[in-house]
Amino acid sequence: MSAQKYNCFLRCRAIVMLGGVMMCSAAGAVDLNIYGVGHASYDSIDSGPSTSDYLHSNSSRLGLKGDEDLGDGLSVYFQYESGVDLTGNGFGDGNGGNGTGGQIFTRARDSFLGLKSDQYGSIQFGRVGGLNQWLYDYNLFADQVGDLGNIWGGDGLPGRLNNTIEYLSPTFNGFSADVTYAPSQGMSNQNSVIFKANYASGALKLGGAYAKFGNSMAGTPDYKAYALTGSYDFGQFNLGGGYQRETDIGGTPGADRDKFTVGGAVKVGVNGTLKAQYAWAGKLSGTPNSAAHQMVVGYDYNLGKSAMVYLAYARTSNQRNTAYSAYDYGHGNEGTPAILDGMSPSVVSVGLVYKFDVGLLK
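In short, a report on the structure. If you're wondering where the values come from, they're calculated on a predicted model, not measured in any experiment. (Residues numbered from 1 in each chain as written. Predicted model: local features only at pLDDT ≥ 70, side-chain atom pairs only at ≥ 80, totals over all residues. Heavy atoms only, no water.)

### Let's talk about the side chain of His 56
- Note on placement: His 56 falls in strand β2 (residues 51-57).
- Here His 56 falls in the buried class, since its relative accessible area comes to 2%.
- In terms of polar contacts, His 56 uses its side chain to reach the backbone carbonyl oxygen of Glu 334, at 3.0 Å.
- If we skip the residues at most four places from it in the chain, His 56 touches His 39, Ala 40, Ser 41, Asp 43, Ile 45, Thr 87, His 331, Gly 332, Asn 333, Glu 334 and Thr 336. (Helix = DSSP H or I, 4+ residues; strand = E, 2+ residues; numbered from the N terminus. Buried < 20%, exposed > 50% of the residue type's maximum accessible area, 1.4 Å probe, protein only. Polar contact = N/O pair within 3.5 Å; in protein donor to acceptor, adjacent residues only side chain to side chain. Contact = heavy atoms within 4.5 Å.)

This is the structure we're talking about:
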């Protein structure tokens, strides 16, 4: 081998070895994962005036998350997550907000940067849950038709909040708490705050929340929500429910409403789960014939650790002056007509869900 070739070989080997050392160093300090959910369904929807079949993408998502140990019980972490529309419409994919027509990547989901202390808890900055902080405490049909959010989110409570600071406490004897604050961002009366308390002991889980969402119009009251949730897992089956009260809905003084839910699920064989959930919305204060209720039943079958198929039926019965959906929150609604007051939409849905979480560095 000539001296020139030998020197080139030594340089290449040094570069490879240096790269390996850097990778090993990074792998020892940083955890990095790519994760996501693919969720598609075939839905036969009766909106009241019309009936049609649809293919929907339902809160499908793709994200990166990671953390690095800084020493002394302190670490830095992040999550960057985007909605994904498997149908390519870019609208109505269940990820909330306006879409980006014809695009695969749609609305930003929970995304944040934070610091965690083993002793004092975590503080993070970004886009985090609003209503979603307690909606999923017990929601057997999350992102499917009949999602509890069709009722509990049907009057405008925001599922997520932008521009937030969130503190998450450590757990003490089963108790933990979250405090979320969103500043006014230059707007008058626009700041929002959420207090969330949690308790878990074995099979028992309890939650409580208070939320205030500011309105940009001066002189209008804040939109507030109060919630209590609970569930118990008996092993072969589980039961749960919750209560939510909203006041001054949409900044309208005296526009109040009570809501509740109850449900249960039972295991069928090794891979199956049969489940049902009921949600009710009481009359809006001052508006007669404005109550509604939603009933949903379904069967989930696990194809493995990461894949599931399901069959679900949901129906929402609206009184004359209200219009809640049976297939909107967390679920695709591309192409579906708006629900009219007094209509009782129903849907039969067959879906496939696949989840993955793959470590890139560790």
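### Some details on the pattern of salt bridges
- Per the counting criterion, the structure on display carries twelve salt bridges.
- In this structure, the salt-bridge partner of Arg 160 is Asp 110, at a minimum N-O distance of 2.5 Å. With Arg 160 in strand β8 (residues 160-168) and Asp 110 in the loop between β5 (105-108) and β6 (111-117), this residue pair connects regions lying 50 residues apart in the sequence.
- Among the residues examined, Asp 110 registers a relative accessible area of 21% and is labelled partly exposed.
- In this structure, Glu 246 and Lys 259 form a salt bridge, with 2.8 Å as the shortest nitrogen-oxygen distance. Linking Glu 246 in strand β13 (residues 237-247) with Lys 259 in strand β14 (residues 257-268), this pair joins segments that are 13 residues apart in sequence. The pair formed by Glu 246 and Lys 259 is uniform in burial state, with each residue classed as buried. (Salt bridge = Lys/Arg side-chain N within 4 Å of Asp/Glu carboxyl O.)

### With respect to the nonpolar core
- Counting residues in each nonpolar core, the largest one holds 23 residues, and the members touching the most others are Trp 134, Leu 157 and Phe 213.
- Those elements that provide at least two residues to this core are α2 (132-135), α3 (149-152), β11 (204-213), β12 (223-233) and β15 (272-281).
- For Leu 157, the contacting residues outside a window of four places in its chain are Leu 131, Trp 134, Trp 152, Phe 213, Tyr 223, Ala 225, Gln 244 and Glu 246.
- In terms of nonpolar packing, the next biggest core, distinct from the first, is built from 18 residues, Ile 45, Val 145, Ala 265 and Ile 339 among them. (Core = buried A, V, L, I, M, F, W, Y, C linked by side-chain atoms within 4.5 Å.)

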